[in-house]
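Single-letter residue listing:
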Amino acid sequence: MTAQTRSPQPLIVPATDLVLAQSRPVPQDFVLGVATAAYQIEGARHEDGRTDSIWDTFSHTQGAVVDGDTGDVACEHYHRYAADVALMKSLGMQSYRFSTSWDRVCPDGGPVNAKGLDFYERLVDSLLDAGIAPWLTLYHWDLPQALEDRGGWTSRETVDRFVDYSLAVHDRLGDKVRTWTTLNEPFCAAFLGYTAGMHAPGRTSPADGLAAAHHLMLAHGRVVQELRARDASLELGLTLNFTVADPLDPSDPRDVDAARRVDAQMNRIFLDPVFRGAYPADLLDDVRHLGLEDHIMDGDLEVISTPIDVLGVNYYNGEAIGHEPPAASLSDSVNGGRFTRSPFPAADDSYRHPRGLPVTAMDWEIQPEGLTRLLVRLHEEYAGPAGVALHVTENGAAFDDAPDEDGFVDDRGRTAYVRAHLGAILDAVDAGVPVRGYFYWSLLDNFEWAWGYAKRFGIVRVDYDTQVRTPKASALDLARIIATRRLPAPWAEPDASGAGDESAGESTT
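Everything in this summary refers to the structure shown in the same document. Owing to the predicted nature of the structure, the values given are computational and were not obtained by experimental measurement.

Structurally, asparagine 314 can be placed in strand S8 (residues 310-314). Distance from asparagine 314 to leucine 371, taken between C-alpha atoms, is 9.5 Å for residues 57 residues apart in sequence. Apart from the residues lying within four places of it in its own chain, the contact partners of asparagine 314 are Arg97, Asn184, Glu185, Thr239, Leu240, Asn241, Phe242, Thr393 and Glu394. A distance of 3.2 Å separates a polar atom in the side chain of asparagine 314 from a polar atom in the side chain of asparagine 184.

This part takes up the sheet that holds strand S7 (residues 245-247). Strand order in the open sheet formed by three strands is S7-S9-S10, and the pairing between neighbours is mixed. Unpaired on one side and paired on the other, S7 and strand S10 (351-353) mark the two borders of the sheet. Taking each pair of neighbouring strands and ignoring which way they run, the sheet shows an average axis angle of 50 degrees. The pairing of S7 with strand S9 (residues 319-322) spans three bridges and is classified as parallel.

This part covers the sheet that holds strand S2 (residues 31-35). As summarised here, the arrangement of the eight strands in space is S2-S3-S4-S5-S6-S8-S11-S12, forming a closed barrel in which the pairing is parallel. The mean angle between the axes of side-by-side strands here comes to 25 degrees, regardless of whether they run parallel or antiparallel. Pairing between strand S4 (residues 133-139) and strand S5 (residues 179-184): four bridges, direction parallel. Bridged to tryptophan 135 within S5 is threonine 179.

Cut-offs applied
Residues numbered from 1 in each chain as written. Predicted model: local features only at pLDDT ≥ 70, side-chain atom pairs only at ≥ 80, totals over all residues. Heavy atoms only, no water. Helix = DSSP H or I, 4+ residues; strand = E, 2+ residues; numbered from the N terminus. Contact = heavy atoms within 4.5 Å. Polar contact = N/O pair within 3.5 Å; in protein donor to acceptor, adjacent residues only side chain to side chain. Pairing = 2+ DSSP bridges. Axes fitted to C-alpha atoms, helices over the stretch in contact; angles between N-to-C directions.

Geometric values such as these leave the question of function open.
Written out as structure tokens, the structure is:
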């Protein structure tokens, strides 16, 4: 398919001697890429044998998604993948993190659908031909609805079906893809989906969220074992999303405990079983009344703690946690009239407080230094002792993009955001943390879950009426960073000669 892409300037950025003022070097072996997820971009809901996932059902539920948006069409990536790969190549992307759709590969959680695997093989072959390393995620929240009808992630049967699906993907792509991650953000899959009611399948049970979290991690461990037995050379791991939970008043023990609960129920509930083979004792005390331990069978934690090679780190912001509600809250949740609750199963007295930081269009605080602290902590307490590599696998920002008459978006706020967070990663590297790469979320504007198409995270604008892709200023800037291996200061703006002006550019957010 011919690429439908517009840009006011050439996309191919040649490597030159360009050195921007106030810039710092990016290590030559530091991988820069972009990420997407199947349901958010593919569309083709019922084509070539694909059946419904929990997100198909949820997005067609009244009040679940802003404006009643669905992923039925999304970015039509299923039909436009070749043009999207060509676009990534023109931008110089070194790696592409994508997910396979369980519903495409094993519709209804059942037998293998060859046409679904054909699509992913075409995608991977295109990436390899373009010199872009594929990074494959097996689960980005699109559980087959048929399995949810039988209990979903609260049922151990789903673990077995996930192993079957994962091995089917490996049967086809095992000789082409070197990096495999089992899960993306099990916190969101378990607690936003089964406890908060904000994501599919829309349940609002703290006990169900805990059961789902344990079974997701058991599924992760089982697949790592199976793939390791097949090919010891594969790079295997998972991706977790993290917060940096700071007590609002470090001198108030009530705030300290509130922050501890958030850290336990978002970060350590996944980190400790993987790296230490046990759930944190304080977490077990917090949720004792909710039945988590009823789901932990003999040998489960040994499976979950099967050694991994890579930990994907998803970071958007940290948070200040107090024991009392704030006078004014951050409005980053969406509710179309349905009942929702906190995603934390046992943190009723933990509240986020705004800190006066700048925010994105999601009302997420912009806190790059939190990423540095997170990476240092993960390396010192978990990944480093285990010899596990760290990659920042998601980081990005939604802003209220304003395209010009050609569809071009001069998104200086997003450009500054990317530079600032890349700088935070380099600060961690300078502190001795061996971070190996960064994936911006996302390549394309896409279906942003419960926000539908109301929020745009892409460095490439998608006109949803025409499906025309237009790289934004942030895409061109990231392409320049990749080509030159130099990171400018957040608001430095290069002129035609490559000189930088620290004072140039103001936020458009």
